[in-house]
Each structure stands twice: as C-alpha cells, then as structure tokens.
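Listed here are the chains, written in short residue letters.
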Amino acid sequence: MNNFAYAQPRRLESLLALLSPTPGETEVLAGGTDLVGLLRERVLTPERVVNVCDVEELQGVHEVPEGGALALGAAMRLDELHEHPLLESYTALHQAICGLRSLQYQAQSTLGGELCRRPRCWYFRAGHGLLADGGRLIREGDNRYHAIFDNAGPAKFVSASRLAPALIALDARAVLVGPEPEYLSVVPLEELYQTPIDESQRETILQPNQVLAQILLPQADASAAVASAAYEVRHGEGPDDPLAAAAVSLQIESGVVRQAKLVLGQVAPTPRVADTASRLLVGHAVDQLRAEAAGRAAVADATPLSRNEYKVQLAEVAATRAILKAAGLATGGFDE
Amino acid sequence: MKQSTSASPPASGFTRRKFLQGSGAAAAATVLATTGGEALADHHGDEVIAGETTITLHVNGQNRQAVVEPRTTLLEVLRYQFELTGAKPVSADGSSGASTVLIDGKPMMASTLLALSVRDKKIETVESVSQRNSGAVPAAFVEYDAQQCGFCTPGFVVAVRAFLDKNPNASEAEIRAGLNGNVCRCGTYANVLQAVIALVKGGPRG
Ligand SMILES: Cc1cc2nc3c(=O)[nH]c(=O)nc-3n(C[C@H](O)[C@H](O)[C@H](O)COP(=O)(O)OP(=O)(O)OC[C@H]3O[C@@H](n4cnc5c(N)ncnc54)[C@H](O)[C@@H]3O)c2cc1C
Ligand code: FES
C-alpha cells in the first residue's frame, strides 16, 4: 500500500471539507471491505483517505418530514439495515442482504460502500484502468464475467452492487451531498449510475468531493402493498459475486399486477431497469408463463461478448425466478 | 442508467441558487440537518493524520499502544506488534475470513480494517474469543476433527462464536448459510458443520 493521510470526521461538513475536487486525490472509506484491498493493490493511490463511518448525518433510519419516505443513512452497516424494524416490509432488500451470506461482510459493509463498490472486473483490479485500455483488453481477452448489455462503448465491466437492483426495484432515491453541505441533490437510484465513456469518469455520477449521504425509500402504503424479491445466480455459496441477478417489485391488487419494476444486476455497467419486461407484467396475473415471457423480454436485446453468451440465459432465469418469488409462486435462492 | 454524453460533470447543475435538486430534496435536507443535531465535539475532528502516530487500541480487555501509519491494517498491528498471531493474513481483500476478529462484538476482517479506524472500539481476537464459554468452540473443533492444516481455524472459531451468540438454536441450513464468509482450503467444511451442530445441541454452554 502507498502511504496516505487519514481523517475520520464526525460531521458531514468536516467530511466534505476534507475531500478534494481533483479525481483520485482523495478516496472515501466506509467499511473498507472493498477500498482497503484496492489501496493495497495500488489500483487506487489517493493522497488522503477520509473515513465516513462516524459521520453523524450518515447514521440511522429516519422518517422524512411530510411522510412518504424513510431516509437510510449511507454509513449504516448491512446487518443494521437487515435488523431494523422500520424496514421489515422491504423483502427484496432483505433477500439481497441475506444473499451475501457472509457474517463478516454483513457486519462490516455499509450501505453507501455497497452501492458504490467498484467493479470486480479483473482487468480493473489488475491495474489496467476501469475501461481496460478503452475496452480492448476485455473485447479481445477473457470477458466471461463482463457485460452482456450496454457494452458497445469502452465500458464493459458489470456494476458490482448487490443491493442496487433490489433498491432500484423498490423505487429508492439517492441523496448526494457536496461539495458543500448545502449542495444536495436527490436522484432516482438508477441515475446514480452511469456508463463511463473515458477514464476521467467513474461508474457513478458522484463528483470526487461529493458523497452518497442517504437512500430514500418510499414508505410502505397499506392500501397498495408492494411485493418484492431478489434472485441471484451464483457459482456457489461462498463470498463470490453473482453471474446474473434480478430484483422486482410488484404492486398486486385483486390478483392483478398494477405496477411492476424489474431490474437486472451483474449484466451491464449499470444496474439495468427492464422496462419492456416490466410492462409485460402490468394488467395481468403472474403465473409461470407470464414470468417466463417477462424473463425472455428482459434479455431480448442482449449483446454478449465473445465468451459470455451463457450469461444471457442466466439473466433470463434470474428475472423469471425473481418475479415468481415476488408473487409467492416460487422459493429458492441464496437468501434462505 | 444514464449514458454520459459529455465529459462535463453531470452534477454541474449545482449552483448557489439551485442547491436543492430533485423531488424530496428539501425533506432530505431537513433530515440531514436534524440528524445527530446536538453540537457534539468532533472527536477526531478534522484532524488529518499523516506519517507515524502512536495510538491506543483496546484489545482483549487491555489498552495497548501501537505505532501506526494511516495505511497500517489492524491485522498488521495484531500480528507484528501485539504478537497476537491467531488472525491470519490469507487474502488481501478479506474474502477468506481468516483474519476475522470481533469489533464491538461484531465479526469483521482485520485485514481490511485500518488500525486508525478502530481506535475507539472494543477489539477481541481469537486468543480471547476462543476462551469464552469454557473454550467450547475449540473443544468442539478438536472433538469433530474440524481442521487439517489449521490455517483457517482461528477465523472460523471467531465466526462460529459470533454466529452462535446471535443464533444459539441455528438449524443445519442456517449454519451452512451463516458461515459462508470463511474459506477452508483443506475442505474441512463437513467437520466444521458437525462441530457447530454439536455446539447448538450442547445448549447454553455452546
Ligand atoms: C473478493 C471479494 C469478495 C466479495 N464477496 C462478497 C460477498 O460474497 N458478500 C458480500 O457481502 N460482499 C462481498 N464483497 C464485498 C462487499 O460487498 C463490498 O466490498 C462492500 O459492500 C463495500 O462496502 P464497504 O462499506 O466496506 O465499502 P468500502 O470498501 O469502504 O468502499 C467501497 C467504495 O465505495 C465508496 N464509498 C463508500 N461510502 C461512500 C459514500 N457514502 N459516498 C460515496 N462513496 C462511498 C468508497 O470510496 C469505495 O470506492 C466482496 C468483496 C471482495 C473484495
Ligand atoms: S484446515 Fe487448512 S485451510 Fe482449513
């Protein structure tokens, strides 16, 4: 590890003041499960590391005044989210956290760190840059775990977050703050992510001196109950990343889907909202055939690379099973 | 999901006059402004630490001094300054679970924690965790032959203790699911499972 300076502020204001506007000069540290490895391997070489774990404004679950939403602090640990009484009804979120299957990651990882964890692309982790020579190394090399959507440009990694598909399906919004505490922007969580077009960009829209402060979740409304689920296709049970993942939320009234939001994970440089597939569900009852049709629609426009065509089917299966699970027609997955 | 079309910062819409962007921004700002609102002293404050510093860590019930740089990990301090060599350096990224320790009672990986980040925490390593409940966890590992080379064992022992503290009546399926954060290169999983099942059956002592 290169050396760096370190700070552990307690207030949002101090945190932001410690972050540099120059890309790469400072890095935000949360649980450290991802960042410390990247520092050790010198994939990142910041001059200063700023720990967000003690920042008061980034803690806890709060009801947003005027109601309608819960604000989840970005420094909350995943096990705290999992055990929080106000979050019980957000099934997909719990399934995504349980699916991590590691006591250690659940206790140490934070909400913000999980949502901002860097891509697992082995070219990036080996120091070839986020895009791996403008995408060339991935196009010509071993791309079996890379993107099957949105991969025509230089970015071919897959978005690494395991919680993002679930939270996006649940209509979460992200609260971004910085460069000063009063500069605050709220975006649908899917818009936190971007497909970078050159090495000056990262995989989120966060500026180097901005942080993810909170996630806003719409509050459960008893009159329109939302069912949700997450499903991952994995090699095995250990601390490994999924090959494909999906999450869905369904608002079902009298057996008919009124609203649906299906999101694929691990298939593109961003979490991928499957609009066409979601629309196929609306106005119908969910059954095996309908779920399969939506699964097929979700991957219809996939553009696999030379070695990852197998992921298309896995993504289809993940989508189909997530839908069936949310509708209570199937069980299974790594969250049980 | 936005495909960036230009290199200009996507957040350039931030201006003094328009600093609350997006629906719910005002409400979110209120929450941020009221969270932790008491004027608490900024404990480590804006203090920026560079180079070597002497810090105090609370390890296994004792306050101990260590000389660290910001990049020094907790695992390095435990092994090379405190001679607590139970936690093992297996994976740089913590994926093996071999460096598992308890931080304020929760299982975390000493290899991915900076020593400076745990200054105010209660740190427990396998050297003390293994003694709890009259040493029931290591005793069960011995009885069920749950180790071969033993390199993963200290991490497993801490993880098993943390897991049982939270799930004293765990089922076999829950044990399998709960202990996935630890990797055993020698493949002793079946025996670890048996040891943990025995601890659950053994009741409160386990
Ligand atoms: C080999 C390996 C295997 C893994 N397998 C699993 C697994 O099976 N199960 C599992 O649960 N997890 C797994 N993970 C990792 C884990 O899920 C993520 O690393 C973790 O969630 C990151 O959270 P953190 O709080 O530790 O973040 P950190 O490592 O501290 O930070 C991650 C990134 O997010 C940024 N960041 C953090 N907080 C904020 C914020 N508030 N605003 C803006 N940016 C921020 C950091 O700058 C950094 O780039 C694995 C990781 C590795 C390295
Ligand atoms: S006993 Fe050898 S690694 Fe587990």
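Since the structure is predicted, the reported quantities are computational estimates derived from the model, not experimental observations.

1. Some points on the overall build of chain A
Phase 1: The helix and strand inventory of chain A stands at 12 helices and 13 strands.
Phase 2: The C-alpha radius of gyration computed for chain A amounts to 19 Å, which stays within 12% of the reference 20 Å derived for 336 residues, consistent with globular compactness.
Phase 3: Counting only C-alpha atoms, chain A reaches 55 × 50 × 35 Å along its principal axes.
Phase 4: Put simply, chain A has 336 residues, and 62% of those count as buried.
Phase 5: Here the contacts in chain A between residues at least 6 apart in sequence split such that 65% fall between residues at least 24 apart.
Phase 6: Averaged over its 29 positive side-chain charges, chain A has a centre that lies 6 Å from the centre of its 42 negative ones.

2. Notes on the sheet that holds strand 7 (residues 184-188) of chain A
Think of a sheet as strands paired side by side through backbone hydrogen bonds, with each pair either parallel or antiparallel.
Phase 1: With mixed pairing, the 6 strands of this open sheet are ordered in space as 4(A)-5(A)-9(A)-6(A)-7(A)-2(B). The open sheet has two edge strands, strand 4 (61-63) of chain A together with strand 2 (20-21) of chain B, and neither has a second partner.
Phase 2: Two strands pair when backbone bridges link them, and strand 7 of chain A and strand 2 of chain B are joined in this way by 2 bridges, in the parallel orientation. Opposite Ser185 of chain A, over in strand 2 of chain B, you have Gln21 of chain B as the bridge partner.
Phase 3: Of the strands in this sheet, strand 4, strand 5 (69-73), strand 6 (173-177), strand 7 and strand 9 (211-218) of chain A together with strand 2 of chain B touch helix 1 (residues 25-34) of chain B, which is tilted by about 125 degrees from strand 7 of chain A.

3. Some words on the site of ligand 1
Phase 1: Around ligand 1, the surrounding shell holds 28 residues, and the nearest of these are Val28, Ala30, Thr33, Leu35 and Thr110 of chain A.
Phase 2: Near ligand 1, the surrounding residues are drawn from chains A and B.
Phase 3: Residue Gly32 of chain A places a main-chain N or O atom 2.8 Å away from an oxygen atom belonging to ligand 1.
Phase 4: A distance of 3.5 Å separates an oxygen atom of ligand 1 from a polar atom in the backbone of Glu114 of chain A.
Phase 5: Starting from 970 Å² of accessible surface for ligand 1 in isolation, the protein chains cover 97%.

4. Brief notes about the domain arrangement of chain B
All names here are of chain B.
Phase 1: Here the domain parsing of chain B yields domain 1 (50-125) and domain 2 (130-200).
Phase 2: Spacing between the C-alpha centres of domain 1 and domain 2 amounts to 22 Å.
Phase 3: Residue-level contacts link 12 residues of domain 1 with 10 residues of domain 2.
Phase 4: Summed over both partners, the interface of domain 1 with domain 2 buries about 910 Å², with 63% contributed by carbon and sulfur atoms.

5. Looking at a nonpolar patch on the surface
Phase 1: On the surface, a cluster of nonpolar side chains totalling about 270 Å² of accessible area is made up of Trp122, Tyr145 and Tyr310 of chain A.
Phase 2: Within the element layout of this structure, Trp122 of chain A appears in helix 7 (residues 122-125).

6. Looking at the environment of Leu70 of chain A
Residue and element names in this part refer to chain A.
Phase 1: With respect to the helices, strands and loops of the structure, Leu70 is situated in strand 5.
Phase 2: Residues Leu70 and Leu217, spaced 147 residues apart in sequence, show a C-alpha to C-alpha distance of 5.2 Å.
Phase 3: Beyond its immediate chain neighbours, meaning those up to four positions away, Leu70 contacts Val61, His62, Glu63, Val64, Leu86, Leu87, Tyr90, Ile215, Leu216, Leu217 and Gln219.

7. Focus on the pattern of salt bridges
Phase 1: If you walk through the whole model with that rule in mind, you get 25 salt bridges over all chains.
Phase 2: Of the charged contacts, one joins Lys261 of chain A and Asp171 of chain A as a salt bridge, the two residues approaching to 2.9 Å between their closest N and O atoms. Of the two residues, Lys261 of chain A sits in strand 12 (residues 256-265) while Asp171 of chain A sits in the loop between helix 9 (164-169) and strand 6, which places them 90 residues apart along the sequence.
Phase 3: Between Arg132 of chain B and Glu124 of chain B there is a salt bridge, with its nearest N and O atoms 3.1 Å apart.
Phase 4: A relative accessible area of 26% places Arg132 of chain B in the partly exposed class.

Cut-offs applied
Residues numbered from 1 in each chain as written. Chains lettered and ligands numbered in written order. Predicted model: local features only at pLDDT ≥ 70, side-chain atom pairs only at ≥ 80, totals over all residues. Heavy atoms only, no water. Helix = DSSP H or I, 4+ residues; strand = E, 2+ residues; numbered from the N terminus. Rg over C-alpha atoms; globule rule 2.2 N^0.38 Å. Buried < 20%, exposed > 50% of the residue type's maximum accessible area, 1.4 Å probe, protein only. Contact = heavy atoms within 4.5 Å. Lys, Arg positive; Asp, Glu negative; His and termini not counted. Charge placed at Lys NZ, Arg CZ, Asp CG, Glu CD. Pairing = 2+ DSSP bridges. Axes fitted to C-alpha atoms, helices over the stretch in contact; angles between N-to-C directions. Near = heavy atom within 4 Å. Polar contact = N/O pair within 3.5 Å; in protein donor to acceptor, adjacent residues only side chain to side chain. Areas by Shrake-Rupley, 256 points an atom, 1.4 Å probe, with all protein chains shown as cover. Domains from an automatic or database assignment. Buried area = accessible area lost by both parts, 1.4 Å probe. Patch = residues over 30% accessible without salt bridge, like charges linked within 9 Å, V, L, I, M, F, W, Y side chains within 5 Å. Salt bridge = Lys/Arg side-chain N within 4 Å of Asp/Glu carboxyl O.

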